[in-house]
Amino acid sequence: MVTSKPINKFREMEKVISLNVDKVFSFVNKSDIQAGAALAKQYNETLHKGSGKGSDFLGWLNLPSSITDADLKDIADTAQVLRSKCEVVVVVGIGGSYLGAKSVIEALSNSFDWLQKDRKNPVIVYAGQNIGEDYVSELIAYLADKSFGIINISKSGTTTEPALSFRILKGELERKVGKEEAKSRIVAITDAARGALHTLARKEGYKMYVIPDNVGGRFSVLTPVGLLPIAVAGFDIQKLVQGAAFMEKNTAPDVPFEKNLAEQYAVTRNELYKKGKKIEILANFNPKLHFFAEWWKQLYGESEGKENKGIFNAAVDFTTDLHSMGQWIQEGERSIFETVLSVANPANTVLVPKDEEDLDGLNFLVGKRVDFVNKMAELGTQLAHVDGGVPNIKIEIPELSEYYLGQLIYFFEKACGISGYILGVNPFDQPGVEAYKKNMFALLNKPGFEKDHEEIQKRL
Ligand SMILES: O=P(O)(O)OC[C@H]1O[C@](O)(CO)[C@@H](O)[C@@H]1O
C-alpha cells in the first residue's frame, strides 16, 4: 500500500545541522586538521575584528542578529502587496541577486509547484539570469494572460543581463496594466545611492530596498534580496533568520573548534586541497536541493577562485547523477572530494507496496519507506566513493524547513570567509568576473568602449 502523510513534527528549535568529517581521515591526518584548528580560530577572529582582506564587505557577519522585527514586517507587508495582486512574480537578477532566493524557494516548494491548481501562493519565475532570447520570448508568452509583478534585484544596478530583462518585462507590464498600476507591482532592490536601477526606481517611485554597501551579492540572501522573494513565495522569513542567527551564535570565535562547524569545514576542505583534492563535489540525495548547490557554487567559486588558486566547486544530484557522473567520481582522476548534503527526515512518507506477482523482484522492500531505500543508496555511495579514493564530508540537515536552511546558509557563509582566509585570498571580491564583461561591451561597441571595440575587432 502507498501512503503519503506528514511525519510527526519535532520541535525544530532543539535540533541543529551536523558535520561529520570522519571519512576524510584516510586521506588527511587528524593531526593536520588539529594543527589547522588554531589557524581557523585566528581567521574567524580576523573576520570579526574586520582586520583581514576585503573587510569592507563583512556586513553579512551580523545580519541575522541585526535584522529587526520592523525590517521583517516591512518585507512581509511588501510581499503581501505582490501576493494580493499577482498570480506570477518574476524575480529579475543574476548570481547572488537570485540564487539565494531560488535555492530556498526550491528547497521548500512542492516538486510540482507550478502545476498546482487552487494556489495559495504566486508562481515565482526568474529572469535576467541569462541572455537567452528564447527564454525571454517564452517568458513573455507565459506572462501574457497572467497578472504579474516584478522584483528587480541588482546590487550594482548596472549588470547587463538583469537590466536587459527588466527593460523588456517592464514594457510588457506597463502595456498590460498601465504605467501607474505597474509602479505598484514593481519592487527594486539595489544600492543605497548609485547605479542605473537606483536612479530608475527613484524616478518611477518604485518601492525600493537597499542592499547594504558592506554586503556582497553572494552573501546577500539574508537581506531583502533573498527575503522578499522568499516571503512572496509564502515561506516564513522569520524562521529563516532565526536559524541563521542560531548559527551566527554557534560559529562565533568564542565557540571552541570542536563545536564550531564552520571552522571545522573550512580547515578540512583546505587540508584536502593541500593533498591535491582540487575539486569539491556537493552531492545531494534530495532533488529539492539542486539550487542550494547552485547558490553554494557561486558562494565558494567567486570567493576562492582567484590568484590561480582555489577549489573548483561542482555539484551533483544523486541518485540521478550516479547514472551519469557516478562512473567518473568512482574511478576518474583522484583529485576530488565529496561533501554530501543529507536530509534526515523527508516531509512525507511513501511505503513500498506489495505486488502479488513480484515480477520486479521488489517485494523484499514491502512496507519500507522510499526514504529508507534512498538512505541505503546514500550510505552505499559514501562507502563506495571512499573505497574509490574520494574523501567524504557529510552535512546532515534534520529536515527541509526555513529554520534549518537558515542554519545551513549562515554555516556555509561563515565557513567560506574562514576558508578563503586560510587559502590566502580576499574572499569578498570578484575581479575576474569583469573580463568577459569588458569583452562583451567592446564587441557590442558600448559607449565608452570604442577603443576596446577597435582592438577586439582585430582579434576576430
Ligand atoms: O547584483 P548585481 O550587481 O547585478 O550583480 C550580480 C552578480 O554579478 C556579480 O557581480 C558577478 O558575477 C556577482 O558577484 C553578483 O552576485
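Conventions adopted
- Residues numbered from 1 in each chain as written.
- Predicted model: local features only at pLDDT ≥ 70, side-chain atom pairs only at ≥ 80, totals over all residues.
- Heavy atoms only, no water.
- UniProt positions renumbered as here; feature names shortened; annotations may be inferred.
- Pairing = 2+ DSSP bridges.
- Helix = DSSP H or I, 4+ residues; strand = E, 2+ residues; numbered from the N terminus.
- Axes fitted to C-alpha atoms, helices over the stretch in contact; angles between N-to-C directions.
- Contact = heavy atoms within 4.5 Å.
- Domains from an automatic or database assignment.
- Buried area = accessible area lost by both parts, 1.4 Å probe.
- Salt bridge = Lys/Arg side-chain N within 4 Å of Asp/Glu carboxyl O.
- Core = buried A, V, L, I, M, F, W, Y, C linked by side-chain atoms within 4.5 Å.
- Buried < 20%, exposed > 50% of the residue type's maximum accessible area, 1.4 Å probe, protein only.
- Patch = residues over 30% accessible without salt bridge, like charges linked within 9 Å, V, L, I, M, F, W, Y side chains within 5 Å.
- Areas by Shrake-Rupley, 256 points an atom, 1.4 Å probe, with all protein chains shown as cover.
- Expected span 1.5 Å × (residues − 1).
- Parallel < 35°, antiparallel > 145°, perpendicular 65-115°, else oblique.
- Left-handed = near helix turned anticlockwise from the far one by under 90°.
- Nonpolar A, V, L, I, M, F, W, Y, C, P; charged D, E, K, R; others polar.

The chain goes by Glucose-6-phosphate isomerase in an unreviewed UniProt entry, where it is assigned to Dysgonomonas alginatilytica. Under the Subcellular location (unreviewed entry) heading, UniProt states for the chain: "Cytoplasm".

Take the sheet that holds strand β4 (residues 123-127) next. Here we have five strands laid out as an open sheet, ordered β4-β3-β5-β6-β7, and parallel in their pairing. Each edge of the open sheet is held by one strand with a lone partner, namely β4 and β7 (207-210). Strand after strand, the sheet turns through a mean of 20 degrees between neighbouring axes, direction not considered. In this structure, strand β3 (residues 88-92) lies alongside β4, joined through five bridges in parallel fashion. Across the sheet, the residue bridging to Val-89 is Ile-124, located in β4. Running at roughly 145 degrees to strand β6 (residues 186-190), helix α8 (residues 196-204) makes contact with β5 (148-154), β6 and β7 of the sheet. The sheet contacts of helix α9 (residues 224-232) involve β3, β4, β5, β6 and β7, and relative to β5 the element is tilted by about 165 degrees.

Partitioning the chain into structural domains gives domain 1 (18-54 + 241-420) and domain 2 (63-238). On a C-alpha basis, the centres of domain 1 and domain 2 stand 29 Å from each other. Of the roughly 2,200 Å² buried between domain 1 and domain 2, counting both surfaces, carbon and sulfur atoms make up 64%. By the criterion of area lost to domain 2, the three top residues of domain 1 are Val-241, Lys-288 and Phe-291, representing 31% of everything that side buries. Where domain 1 meets domain 2, there are one salt bridge. Those elements giving two or more residues to the side of domain 1 that touches domain 2 turn out to be α10 (237-250), α12 (290-304) and α15 (402-423). The element that contributes the greatest number of residues to the side of domain 1 that touches domain 2 is α12, accounting for eight residues.

For soluble globular proteins, the rule of thumb is that nonpolar side chains tend to be buried together. If you look at the biggest cluster of nonpolar residues, it comprises 94 residues, and the most contacted ones within it are Trp-60, Phe-411 and Phe-412. It is α15 that contributes the most residues to this core, 14 residues altogether. A domain split of this core shows at least three residues from each of domain 1 (18-54 + 241-420) and domain 2 (63-238). Residues within four places of Phe-411 in sequence aside, it is in contact with Ile-17, Leu-19, Met-247, Leu-261, Ala-262, Tyr-265 and Ile-395.

Now for a nonpolar patch on the surface. A grouping of Phe-372, Val-373, Met-376, Leu-379 and Leu-383 is seen on the molecular surface, where their side chains present a nonpolar patch of about 410 Å² in accessible area. In this fold, Phe-372 is placed in helix α14 (residues 370-387).

Here helix α11 (residues 261-274) is 14 residues long and its end C-alpha atoms lie 20 Å apart, about the 20 Å a rise of 1.5 Å per residue gives. Of the residues flanking the end of α11, it is Gly-276, one or two places downstream, whose phi is positive at about 95 degrees.

Take the packing of α12 against α15 next. Contact pair α12 / α15: the axes reach a minimum separation of 9 Å and the direction vectors enclose 20 degrees. Judged by the inter-axis angle, α12 sits roughly parallel to α15. As for the relative orientation of α12 and α15, their crossing is right-handed in sense. Residue-level contacts link Phe-292, Trp-295, Trp-296, Leu-299, Tyr-300, Ser-303 and Glu-304 of α12 to Leu-405, Leu-408, Ile-409, Phe-412, Glu-413, Ala-415, Cys-416, Ser-419, Gly-420 and Leu-423 of α15. The residue makeup of the contact of α12 with α15, split by class, is 12 nonpolar, three polar and two charged.

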